[in-house]
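Structural features, examined
So the chains spell out like this:
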Amino acid sequence: MRTYAIVGFGTAGYHALKAIRRLDAGGTVDVYTNTGLAPYNPMLTTYYTGGKLSYREMFPFGSLEEIQKTLPFRCICDTVKAVAAGRTVETENGGVRTYDKILIATGASAFAPAIPGLEPERRFFMRTNEDALRLRRALEDKQVKSAVVVGASMVGIKVAELLAKRGVRTVLADLAACMFPLAAYEDVAAEIGRRVEQNGVSLRFGRTIDHVELESAHPRPRQIAVMTDGERLEADLVVLCIGTRANIGLADSGIETDRAILVNERMETSAEGIYAAGDCCAGTNIQSGERQIIGLWANANHQGTAAGINMAGGNARFEGNILHNITHFMDMDFIGFGDNRIQGETLVFGSLKQGLYLKAVCRDGRIAGVNILDSYPVSGMIKNYMLRLFQEPESRLPPFQIGMLVKAGLTEEFIERLEAAVHGDQGRAAESENSMPGNGN
Ligand SMILES: Cc1cc2nc3c(=O)[nH]c(=O)nc-3n(C[C@H](O)[C@H](O)[C@H](O)COP(=O)(O)OP(=O)(O)OC[C@H]3O[C@@H](n4cnc5c(N)ncnc54)[C@H](O)[C@@H]3O)c2cc1C
């Protein structure tokens with residue numbers, strides 16, 4: 001009978017458990033968790049804090065007991081201190097156990113730089129279930145009138161939105177020059193910024209908090225965030241959404257790491273029998289060919305599933321992913337795929353001011369980057385096409401997908417231009433020749 005350990009019970013750990021149980025009903029599975037909670041969805045934490053979701057709704061797979069009924073496992077509520085290449089797991093409470101297969105799925109933690117003068121009780125993050133509860137409690141006591149949120153990307157924008165909706169005077173700041181600096185093109189970022197300000201959030205770019213001062217002379221002691229350009233902003237609380245760091249401190253020296261645990265397409269680490277999945281690992285970025293953390297929910301699910309299948313003796317590969325960002329906020333959708341630094345032939349559909357807008361940059365027979373505003377429905381098909389082009393450079397959109405894209409708001413003329421930009425006119429000419437009646441195809 002095989003023995004398995006899953007270290008960390010987020011969505012990557014859950015999907016690995018599900019895959020193991022599908023192939024191996026009799027093996028023993030120990031799941032280590034430092035929260036004692038069922039897997040929750042970190043994407044939903046801001047919705048809970050903002051009052052849009054109940055506490056229970058943050059747990060998409062049910063409670064621990066419910067999961068245990070369908071996918072039996074032994075739950076060990078303890079923090080894992082070390083996973084060694086000899087396939088042992090050591091916990092803080094002193095237990096050491098050896099397994100046939102181990103998955104490290106410990107996710108990531110919010111990056112927490114020290115800001116001089118910022119008291120821990122006024123410093124907030126948004127990553128864990130506990131972060132969500134803490135911020136919600138702070139907002140419920142009604143003393144919070146002002147806030148500075150640092151980090152103008154996927155997480156910071158959602159925190160700023162919920163604060164502004166609760167009537168908190170909110171400034172969103174970033175050292176970068178615009179919103180979504182790693183995903184948005186300049187004009188798209190500028191439009192998003194304009195809309196964010198219309199929704200009551202003030203923006204500050206190219207600067208961050210230098211230090212924090214407490215003005216105790218004031219009738220109500222005020223916390224002031226002093227920005228790197230000297231501006232003084234009242235901030236009853238500060239939320240740091242600057243990014244994350246992979247939780248890899250438990251991996252011993254036999255497990256190769258960079259900023260994350262390095263894995264291959266089978267989700268194997270450099271140590272035999274030890275796998276990694278989710279935000280703690282660096283898989284393949286299909287676009288750059290490099291190994292990189294792609295910290296996304298669906299990515300963690302695919303990686304966890306592939307790891308679980310392989311741990312249980314199956315054969316699964318997850319070839320990798322491209323960078324992508326799908327964020328819904330302030331009644332708009334921003335979608336960014338690929339690398340926004342690459343320049344090339346640029347195609348634009350629609351207007352930034354209303355309705356579906358899509359910008360695509362094509363280079364070397366690929367779609368290098370895409371930004372979409374206000375149309376979620378086209379995003380899946382465009383992303384799949386981008387991915388396909390990396391694996392099958394000759395690939396074209398099949399007629400049924402063209403039909404679906406047109407139904408979702410694009411035009412056949414734009415899709416034709418996009419394919420021509422990807423494949424070049426020659427490719428298009430060859431295609432129309434091939435499809436001419438009477439040529440035998
Ligand atoms: C506010 C927010 C918004 C987001 N929005 C999006 C979005 O719009 N789209 C998208 O695709 N993704 C989004 N994400 C990212 C997405 O949620 C993550 O990529 C995904 O949840 C990662 O899953 P995971 O299982 O790898 O890690 P986690 O969910 O972090 O789970 C890891 C688990 O391991 C536990 N653990 C860690 N160390 C130990 C240890 N030593 N011992 C035992 N247990 C341990 C942790 O407590 C945790 O429970 C967002 C994230 C946040 C925080």
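The protein chain carries the name NAD(P)/FAD-dependent oxidoreductase in an unreviewed UniProt entry, which gives Enterocloster asparagiformis as its organism. The Cofactor (unreviewed entry) comment attached to the protein chain in UniProt states, word for word, "FAD".

**A few points about the overall build of the protein chain**
Looking only at helices and strands, the protein chain has 10 helices and 26 strands in total. In terms of overall dimensions, the protein chain is globule-like: its C-alpha atoms have a radius of gyration of 24 Å, near the 22 Å expected for 441 residues. Counting only C-alpha atoms, the protein chain reaches 80 × 60 × 35 Å along its principal axes. The proportion of buried residues among the 441 residues of the protein chain is 51%. Here the contacts in the protein chain between residues at least 6 apart in sequence split such that 60% fall between residues at least 24 apart.

**Considerations on the confidence of the model for the protein chain**
Of the residues in the protein chain, 96% have a pLDDT of 70 or more, and the chain-wide mean is 93. Of the regions scoring below 50 in pLDDT, residues 427–441 engages in eight contacts with residues more than four places distant in sequence or in other chains.

**Examining the nonpolar core**
Ranked by size, the top nonpolar core spans 102 residues in total, and within it Val83 and Val196 carry the most contacts. Once you skip the residues sitting within four places of it in the chain, Val83 turns out to touch Val7, Thr88, Val89, Ile102, Ile104, Leu250, Ala251, Asp252, Ile255 and Ile274. Core analysis: the second largest hydrophobic core is formed by 29 residues, Ile322, Ile372, Leu405 and Ala421 among them.

**Comments concerning the sheet that holds strand β25 (residues 357–363)**
If you walk across this open sheet you meet the five strands as β22-β23-β26-β25-β24, and the pairing is antiparallel. A strand with exactly one partner marks an edge of an open sheet, and here the two such strands are β22 (324–329) and β24 (345–349). On average, each strand axis in the sheet is tilted by 10 degrees relative to the strand beside it, whichever way the strands run. The sheet contact formed by β24 and β25 spans five bridges and is antiparallel. Paired with Val348 across the strands is Lys359, a residue of β25. Here helix α6 (residues 186–198) sits on the sheet in contact with β22, β23 (332–338), β25 and β26 (366–373), set at roughly 15 degrees to β26.

**Looking at the domain arrangement of the protein chain**
Segmentation of the protein chain into domains returns domain 1 (3–107 + 247–311), domain 2 (111–243) and domain 3 (331–433). Here domain 1 and domain 3 have C-alpha centroids that lie 34 Å from each other.

**Here we look at the pairing of β22**
As paired elements, β22 and β23 share six bridges and run antiparallel to each other. Among the inter-strand pairings, Ile326 is bridged to a residue of β23, identified as Ile335. In this antiparallel pair of consecutive strands, β22 and β23, the connection spans two residues, and Met330 shows a positive phi of 45 degrees.

**Some thoughts on the environment of Ala306**
Within the secondary structure layout, Ala306 lies in helix α7 (residues 297–311). Accessibility expressed as a relative area gives 5% for Ala306, which makes it buried. It is 8.5 Å that separates the C-alpha atoms of Ala306 and Glu265, two residues lying 41 residues apart in sequence. Excluding residues that lie within four positions of it along the chain, Ala306 makes contacts with Met267, Ala316 and Phe318.

**With respect to the pairing of strand β7 (residues 101–104)**
Of the two faces of β7, both are covered, the one formed by Lys101 and Leu103 as well as the one formed by Ile102 and Ile104. Of the strand pairs in this sheet, strand β1 (residues 3–7) and β7 are connected by four bridges, and their pairing is parallel. The partner of Tyr4 across the bridge, within β7, is Lys101. As paired elements, β7 and strand β19 (residues 274–276) share three bridges and run parallel to each other.

**Looking at the environment of Gly151**
Among the secondary structure elements, Gly151 is positioned in the loop between β10 (146–150) and α5 (154–165). Linking Gly151 and Leu373, residues 222 residues apart in sequence, is a C-alpha distance of 20 Å. Other than its neighbours up to four places away in sequence, Gly151 contacts Gly156, Ile157, Leu172, Ala173, Asp174 and Cys241.

**A closer look at helix α1 (residues 11–23)**
Between its terminal C-alpha atoms α1 stretches 19 Å, which fits the 18 Å expected from 13 residues at 1.5 Å a residue. Across the 13 residues that make up α1, a large majority, 10, are buried. Residues Thr11, Ala12, Gly13, Tyr14, His15, Ala16, Leu17, Ala19, Ile20 and Arg21 constitute the buried set of α1. Residues of α1 that are buried make contact with β1, β2 (28–33), α3 (64–70), β7 and α7.

**What to know about the pattern of salt bridges**
Summed over the entire model, instances satisfying the criterion amount to 24 salt bridges. Here Asp30 makes a salt bridge to Arg74, at a shortest N to O gap of 2.8 Å. In this pair, Asp30 is assigned in strand β2 and Arg74 in strand β3 (residues 74–77), connecting sequence segments 44 residues apart. The exposure class of Asp30 is buried, given its relative accessible area of 6%. Among the residues examined, Arg74 registers a relative accessible area of 43% and is labelled partly exposed. Across the pair Glu268 and Arg266 runs a salt bridge, and its minimum N-O distance is 3.0 Å. You can call Glu268 partly exposed: its relative accessible area is 25%. Sharing partners across several salt bridges, the network here consists of Arg169, Glu213, Glu215, Arg222, Arg232 and Glu234.

**Things to note about the sheet that holds strand β6 (residues 96–98)**
With respect to topology, three strands assemble into an open sheet ordered β4-β5-β6, the strand pairing being antiparallel. Only two strands of the sheet have a single neighbouring strand rather than two, namely β4 (80–84) and β6. The mean angle between the axes of side-by-side strands here comes to 15 degrees, regardless of whether they run parallel or antiparallel.

Rules behind the numbers
- Residues numbered from 1 in each chain as written.
- Predicted model: local features only at pLDDT ≥ 70, side-chain atom pairs only at ≥ 80, totals over all residues.
- Heavy atoms only, no water.
- UniProt positions renumbered as here; feature names shortened; annotations may be inferred.
- Helix = DSSP H or I, 4+ residues; strand = E, 2+ residues; numbered from the N terminus.
- Rg over C-alpha atoms; globule rule 2.2 N^0.38 Å.
- Buried < 20%, exposed > 50% of the residue type's maximum accessible area, 1.4 Å probe, protein only.
- Contact = heavy atoms within 4.5 Å.
- pLDDT = per-residue confidence, 0-100.
- Core = buried A, V, L, I, M, F, W, Y, C linked by side-chain atoms within 4.5 Å.
- Pairing = 2+ DSSP bridges.
- Axes fitted to C-alpha atoms, helices over the stretch in contact; angles between N-to-C directions.
- Domains from an automatic or database assignment.
- Expected span 1.5 Å × (residues − 1).
- Salt bridge = Lys/Arg side-chain N within 4 Å of Asp/Glu carboxyl O.

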